[in-house]
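# Structural features, examined
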Amino acid sequence: MAAAEAAAPPPQVQRRKLTSYVGFANLPNQVHRSCVRKGFSFTAMVVGETGLGKSTLINTLFNTNLVPSGEERGLHDEPAKTVNIETISADIEENDVRLRLNIIDTPGFGDFINNSEAWDPILQTIEARMDSYLEQENRVNRSRIVDNRVHALLYFIQPTGHALRQIDIEFLSRLNDRVNVIPIIAKSDTLSEEEVASFKKRIMADLKHHGIQTVTLPISEYDDEETIAETQEIQSRIPFAIVGSNNIVTTADGRHVRGRAYPWGVIEIDNEDHSDFVKLRQMLIRTNMEDLKEQANVLYENYRRQKLISMGVVQDESVFKQVNPGAQHAEARALHEAKLARMENEMKLVFQRKVSEKEAKLKQSEEELYARHSEMRHALDTQRQELEEYKRRLQNSLR
Ligand SMILES: Nc1nc2c(ncn2[C@@H]2O[C@H](COP(=O)(O)OP(=O)(O)OP(=O)(O)O)[C@@H](O)[C@H]2O)c(=O)[nH]1
Ligand SMILES: [Mg+2]
């Protein structure tokens, strides 16, 4: 009995444990831990005409001079042409969270005789990276999939202040259903504030007119007010008017900042009021990286479907009818809950049985004790009577 008792843990404690295990409120913590363990990676691509400051923006984002741009060579207005598609990566760590940030630098187009030569290599790169992902997904062992897909494409628009040009429209139409497009007004320091504002409006209207989708940040009912406001603020800045530079300049009040110096003053790179660079960086790295990755995944799924169909893989839709994930989930949950209820019931029974056994035992010992008690009492009584008898006899003999 004692051994059996020790083996079975106290029923009430066991029950509480089960309750907290079923409560999936802890799931986000598990996901959080798993994500931190695996680390994060994000890949963006910069595309646009030559000399618009693509390489400079990459350097500005990383705050290091990783890629040659006209700027570092001191060749102002004489850009160092990027010649190959190249990926620049940096591993960033913050509060034990690891992020691998990849930016793909591309040679600027605009000096090609045939426009299609401009987007071909870009589109090929994007699709090759999707193909590599698809190929990894199709492997038998999929535990180590490396995601090199392009999660966002920063498209540089010349700061003409007028409208999108034909080449922009053609280019974006080609890339639109393969990648998240984030439009950027390059070198926005060459435009006045009012020019930027009206140019932004015009660009959005042109994009809409040509049915070109640009990035739309999701707002969820679970977001708090502050997050919603922040998301709306970022969204309202698109297309981002950017100024890039890693040069340190001195402001009128004597501060040394990253910026561009002009006779009329300094444009500070890290000042939110001077350009949209800070907001762009915030969106890419701090607040919406996962949203962008999710949206990129939707585009990938479309690509994947088209690709598989073109390869002759036909989807058997009936499989999906039978395996309705929602119903399957509900069924699994119902089974799980029934199992829990059964276990709980069994435990209750065991507990009750043990309690009554214990009670019976106690009652028995109580009776035994009582019997012994009266026995001893009886013995004592007899003894006392004997002693009293003896005393009386002694007194009588003394008289
Ligand atoms: N005014 C101004 N000039 C800039 C800005 N960003 C870059 N530049 C200058 O523009 C020139 C070209 O910059 P790059 O970064 O090399 O341009 P790119 O787009 O990489 O050019 P390609 O590699 O040829 O495609 C350099 O002289 C930069 O200093 C900016 O925000 N404002
Ligand atoms: Mg370049």
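Above this text is the structure in question.
Values in this document were obtained by computation on a predicted structure and should not be read as measured data.

Attention now moves to the overall build of the protein chain. Helix and strand counts for the protein chain stand at twelve helices and nine strands. A total of 399 residues make up the protein chain; the buried ones form 33% of that total. For the protein chain, the share of sequence-separated contacts (at least 6 apart) that also reach a separation of at least 24 residues comes to 69%. When the accessible surface of the protein chain is split by element, carbon and sulfur atoms take 52% of a total near 26000 Å².

It is worth spelling out the packing of helix α8 (residues 225-237) against helix α9 (residues 277-287) at this point. Where α8 meets α9, the axes come as close as 10 Å, and the angle between the chain directions of the two elements is 130°. By the angle class used here, α8 and α9 are oblique. Judged by the twist between their axes, the crossing of α8 over α9 is left-handed. Residues E230, E233, I234 and R237 of α8 form the contact with α9, whose own contacting residues are K279, Q282, M283 and T287. By residue class, the composition of the contact of α8 with α9 is two nonpolar, two polar and four charged.

In this section: the sheet that holds strand β1 (residues 40-48). With respect to topology, six strands assemble into an open sheet ordered β2-β3-β1-β4-β5-β6, the strand pairing being mixed. Each edge of the open sheet carries a strand with a single partner, namely β2 (86-94) and β6 (240-241). As judged from the five bridges shared by β1 and strand β4 (residues 152-157), these two strands associate in the parallel manner. Directly across from M45, in β4, lies its bridge partner L153. Packed on one face of the sheet, helix α3 (residues 27-38) meets β1 and β3 (97-105) and runs near 55° to β3.

If you walk across this open sheet you meet the three strands as β7-β8-β9, and the pairing is antiparallel. Two strands bound the open sheet, and with one partner strand each, they are β7 (248-250) and β9 (265-268). Looking at each pair of strands side by side, their axes are set apart by 65° on average, direction ignored. Bridge analysis of β7 against strand β8 (residues 256-262) gives three bridges, and the strand direction is antiparallel. Residue pairing across strands places I248 opposite R258, the latter belonging to β8.

Right, let's talk about a nonpolar patch on the surface for a bit. The grouping of L387, Y390 and L394 at the surface amounts to a nonpolar patch, some 320 Å² of accessible area in total. With respect to the element layout, L394 can be found in helix α12 (residues 325-398).

Further remarks concern the packing of aromatic side chains. Evaluated as defined, the whole model comprises four aromatic pairs. When the ring of Y155 is compared with that of F171, the centres are 5.7 Å apart and the planes differ by 45°; the resulting orientation is tilted. Here the residue Y155 occupies a position in strand β4, and F171 occupies one in helix α6 (residues 166-175), the gap between them amounting to 16 residues. Judged by relative accessible area, Y155 falls into the buried class, the value being 0%. Here F171 falls in the buried class, since its relative accessible area comes to 0%. Between Y262 and W264, the ring centres sit 4.7 Å apart and the planes meet at 5°, which makes this aromatic pair stacked. Overall, the relative accessible area of 27% leaves Y262 in the partly exposed class.

Rules and cut-offs
- Residues numbered from 1 in each chain as written.
- Chains lettered and ligands numbered in written order.
- Predicted model: local features only at pLDDT ≥ 70, side-chain atom pairs only at ≥ 80, totals over all residues.
- Heavy atoms only, no water.
- Helix = DSSP H or I, 4+ residues; strand = E, 2+ residues; numbered from the N terminus.
- Buried < 20%, exposed > 50% of the residue type's maximum accessible area, 1.4 Å probe, protein only.
- Contact = heavy atoms within 4.5 Å.
- Areas by Shrake-Rupley, 256 points an atom, 1.4 Å probe, with all protein chains shown as cover.
- Axes fitted to C-alpha atoms, helices over the stretch in contact; angles between N-to-C directions.
- Parallel < 35°, antiparallel > 145°, perpendicular 65-115°, else oblique.
- Left-handed = near helix turned anticlockwise from the far one by under 90°.
- Nonpolar A, V, L, I, M, F, W, Y, C, P; charged D, E, K, R; others polar.
- Pairing = 2+ DSSP bridges.
- Patch = residues over 30% accessible without salt bridge, like charges linked within 9 Å, V, L, I, M, F, W, Y side chains within 5 Å.
- Salt bridge = Lys/Arg side-chain N within 4 Å of Asp/Glu carboxyl O.
- Phe/Tyr/Trp six-rings, centres within 6.5 Å; stacked < 30°, edge-to-face > 60°.

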